[in-house]
Each structure stands twice: as structure tokens, then as C-alpha cells.
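Spelled out, the chains give:
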Amino acid sequence: MHRFFVDPANIRNEEVLLEGDDFKHLKLVLRLRPQDTIHVFDGSGTEYVATISSINESNALAKIQSLYKSDTEPKVRVTLFQGVPKGDKMDLIIQKTTELGVYRIVPVITDRTVVKINEKDKAKKTTRWSKIAKEAAKQCQRAYVPEIFQPVNFGEISEYIRDFDASVLLYENESKKCLKEVLKCYTINKIEDISIIVGPEGGFTDQEIESYRKWGGYDTAGLGRRILRTETASIAALSIILYELGEMTYG
Ligand code: SAH
């Protein structure tokens, strides 16, 4: 089945308007025709089955036949606060964590973030990263596209994590508590919104760890005796959380 993500504004009066790249893909690559059936997602979890009614030079219209809530979304919402790494590693992190089921990604500029991101870059990068999330969501059959925030500074995380049921900072020098143990408490207390915080390739500074601990009540956790690259740490942590909270099943 051919899947398209469309802006909710393009779904009106039981009709879907397809334009831009999706329209080109539909017409020139897939060569779809009136009467063909497509699946449409509005990016927020609703899925529509629609039949193409017309195709012209610049857009296509499809008539909605039925709609349903997607069942590919995890019940637990995991927000990843990701220390921005060098090069194109962020692309990989966004793609893979989207496939796994991340809810939201907040790029974080930390003391050891190497790339310099000015205000203009922030918007540009966010647009690019959002596109990667959208493509990954489409490919893996999610009906929800993870929101990618504009990069924030490490200190700003404190304001965001207040709203979460739980927060875990992944720390390679945490030798006492591993993620598995921290999650044991979460499976007992019902957790719906959880944040994970992962450093860039250079890790967090002692001052950052100290500030995080001062924000109070939040966990730090280790992923075992080996030091992982930042992209491995994020992908592994998300997989562990979703697995431990029962989200890697068909239940
Ligand atoms: N500062 C370290 C490596 C940092 S790894 C060094 O250069 O030796 C980058 C990030 O991945 C860390 O900030 C942490 O969030 C995560 N990470 C990597 N290995 C980890 C582990 N074993 N346990 C917990 N977090 C880990």
C-alpha cells in the first residue's frame, strides 16, 4: 500500500489534497491513477484510506473512504535529549530512534558540543532533521512523526524535564545503577512520559552532571562496562526502554 504523510490542513471535507514532493512521487514515480487506493497519515496518529479522484498538473485529490487510529505507536512517550554530535551522526540518531518509536527529539548544545550552531543554522538544521524523521516514520509505518525541537542549551533541559514522569541521564561513569535497574522502578509506577539524556561524543562535563543532580529527583544510569559511541548509546537506551516497558511486542 502506498503511504503519504500530509499536513492536517490538506485534509478537508473528506478529501485529501496531495501536492509538492508527495504529489510528484505519486504521479511520476508510482504512476498512480484515479481510482487507485492510498493510505494517508496526518502525522498525529490518524490513518486514512482514500481513493484518488483526480490528478492534474500540480496536485491530486483523494476521497477518504475510512479512517482509524494507528496501532503502531508505543504507549510510552520517550523524549530523547541528544547532545549534538559532529558530522552527520545526528541524522542517523534521528532516523534510527524514529524507527524504534521515539516520541520527540530535542537536540542539546552541551559544554563539549564541537559543532557551532548559530541562530540561522538552528532553524535550517531543525527543518532538515524533521524531514529525516518524517521519512523514517513513513518508511517504518508509523502514523506519528516525532517532533524535532530547535537545539536548546544543556541548562534549559531542567525546565523541560519537570513535565516528565521520569528522566534518565545516560552516564558512562555511573557504576552503581544500570538502566535495567532504574527501569524496574518505572514498570511498577506507571510511566507515560520519560526523557533520556545522552551526551555528545565527548560526554558530559563534571559540572553538567553536578547541575543535573542538583535539579533533583532524576536518575542517572549506566549501560554497562563498555563506553559506547553517542549514537550507539541513544539507540541502545531507547531499545532497552521500549523493550523493558513492553513496547517491543504485539500486545
Ligand atoms: N566521555 C567519554 C565518552 C562519552 S560517550 C569518553 O570520551 O571517554 C557519549 C555519550 O554516550 C555519553 O555522554 C553517555 O550519555 C553515553 N554513553 C556511552 N557509553 C555509556 C555507558 N556505558 N553508560 C551510559 N552512557 C553511556
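Residues numbered from 1 in each chain as written. Predicted model: local features only at pLDDT ≥ 70, side-chain atom pairs only at ≥ 80, totals over all residues. Heavy atoms only, no water.

**Re the nonpolar core**
- Residues Val78, Ile94, Val168, Tyr186, Ile194, Ile196 and Ile241 are the most contacted members of the largest nonpolar core, which totals 37 residues.
- The element best represented in this core is helix α7 (residues 230–244), accounting for five residues.
- Within the second largest apolar cluster, 16 residues are counted, among which are Leu32, Val40, Tyr48 and Ile64. (Core = buried A, V, L, I, M, F, W, Y, C linked by side-chain atoms within 4.5 Å. Buried < 20%, exposed > 50% of the residue type's maximum accessible area, 1.4 Å probe, protein only. Helix = DSSP H or I, 4+ residues; strand = E, 2+ residues; numbered from the N terminus.)

**Some points on the environment of Asp193**
- Relative to the helices and strands, Asp193 resides in strand β12 (residues 193–198).
- Classification of Asp193 by relative accessible area gives buried; the value is 15%.
- Here the alpha-carbon distance between Asp193 and Phe164, two residues 29 residues apart in the chain, equals 5.2 Å.
- At 2.8 Å, the side chain of Asp193 forms a polar contact with the side chain of Arg77. (Polar contact = N/O pair within 3.5 Å; in protein donor to acceptor, adjacent residues only side chain to side chain.)

**Description of the packing of helix α2 (residues 89–100) against helix α3 (residues 119–139)**
- Where α2 contacts α3, the two axes come as close as 8 Å, and the packing angle between them is 35°. For α2 against α3, the interelement crossing comes out right-handed. Of the residues in α3, those in contact with Met90, Asp91, Ile94, Gln95, Thr98 and Glu99 of α2 are Arg128, Trp129, Ile132, Ala133, Ala136, Ala137 and Gln139.
- Tallied by class, the residues present in the contact of α2 with α3 amount to seven nonpolar, three polar and three charged. (Axes fitted to C-alpha atoms, helices over the stretch in contact; angles between N-to-C directions. Left-handed = near helix turned anticlockwise from the far one by under 90°. Contact = heavy atoms within 4.5 Å. Nonpolar A, V, L, I, M, F, W, Y, C, P; charged D, E, K, R; others polar.)

**Remarks on the pattern of salt bridges**
- Evaluated as defined, the whole model comprises 15 salt bridges.
- Across the pair Lys63 and Glu14 runs a salt bridge whose closest N-O atoms are separated by 3.7 Å. Here Lys63, found in strand β6 (residues 60–69), pairs with Glu14, found in the loop between β2 (11–12) and β3 (15–18); they are 49 residues apart in sequence, far enough to count as distant.
- Classification of Lys63 as partly exposed rests on a relative accessible area of 38%.
- Among the salt bridges present, the one from Lys89 reaches Glu201, with a minimum N-O distance of 3.9 Å. Highlighted residues: Lys89 in helix α2 and Glu201 in the loop between β12 and α6 (206–215), separated in sequence by 112 residues.
- Taken together, the shared-partner salt bridges connect Lys89, Glu201 and Glu231 into one network. (Salt bridge = Lys/Arg side-chain N within 4 Å of Asp/Glu carboxyl O.)

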